[in-house]
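# Per-entry structural report
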Amino acid sequence: QVQLVESGGGLVQPGGSLRLSCVASGSMFSIGRMGWYPQAPGKQSELVATITSGGSTNAAVSLKGRFTIYRDNAQNTVSLQMNSLKPEDAAVYYCHVVIFSVPNGEYWGQGTQVTVSS
């Protein structure tokens, strides 16, 4: 069984910054792609960014320059640094992880709320 624990959400004023983190633990051989997906009310979940174990990233074009994804393979952690936050960035952010184990699987975190408001 694999667990994902997210942290770092909260309330921030427009223009502020937050750093989200997601730690994977449990029974696994290795971790594949890790990523973040926001879910805002009434909207479909969409990709913010993903990162492979080798450090290759894939990010939403509209967010490049403001959001950066990081990964610590030794700590099984993926982080999302969010700068210059806008009200439209507000959402519940979910961590997504591909786990190589027996069997392989994809897991989602519990979500962490990001609110951007003055």
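Whatever comes next refers back to the structure up there.
### Section: the pairing of strand E1 (residues 2-7)
- Covered by surrounding structure in E1 are Val 2, Leu 4 and Glu 6 only, the residues Gln 3, Val 5 and Ser 7 on the alternate face being uncovered.
- The sheet contact formed by E1 and strand E3 (residues 18-26) spans six bridges and is antiparallel. Bridging across to E3, Val 5 finds its partner in Val 23.

### Describing the nonpolar core
- Of all hydrophobic cores here, the largest spans 30 residues; its most connected members are Trp 36, Val 48, Phe 67, Val 78, Leu 80, Met 82 and Tyr 93.
- If you list the elements that add at least two residues to this core, you get E1, E3, strand E4 (30-39), strand E5 (49-51), strand E7 (67-72), strand E8 (77-82), strand E9 (91-100) and strand E11 (112-116).
- A per-element tally of this core places E9 first, with five residues.
- Discounting residues that sit within four places of it in the chain, Val 78 has contacts with Leu 20, Ser 21, Cys 22, Met 34, Trp 36, Ile 51, Ile 69, Tyr 70, Arg 71 and Cys 95.

### Things to note about the pattern of salt bridges
- Here the structure, examined in full by the defined rule, presents one salt bridge.
- Note that Asp 89 is salt-bridged to Arg 66, the shortest N-O span being 2.7 Å. In this pair, Asp 89 is assigned in the loop between E8 and E9 and Arg 66 in the loop between strand E6 (57-59) and E7, connecting sequence segments 23 residues apart. Note on accessibility: Asp 89 and Arg 66 belong to one class, buried.

The rules behind these values
- Residues numbered from 1 in each chain as written.
- Predicted model: local features only at pLDDT ≥ 70, side-chain atom pairs only at ≥ 80, totals over all residues.
- Heavy atoms only, no water.
- Buried < 20%, exposed > 50% of the residue type's maximum accessible area, 1.4 Å probe, protein only.
- Helix = DSSP H or I, 4+ residues; strand = E, 2+ residues; numbered from the N terminus.
- Pairing = 2+ DSSP bridges.
- Core = buried A, V, L, I, M, F, W, Y, C linked by side-chain atoms within 4.5 Å.
- Contact = heavy atoms within 4.5 Å.
- Salt bridge = Lys/Arg side-chain N within 4 Å of Asp/Glu carboxyl O.

By themselves, these figures tell us nothing about what the structure is for.
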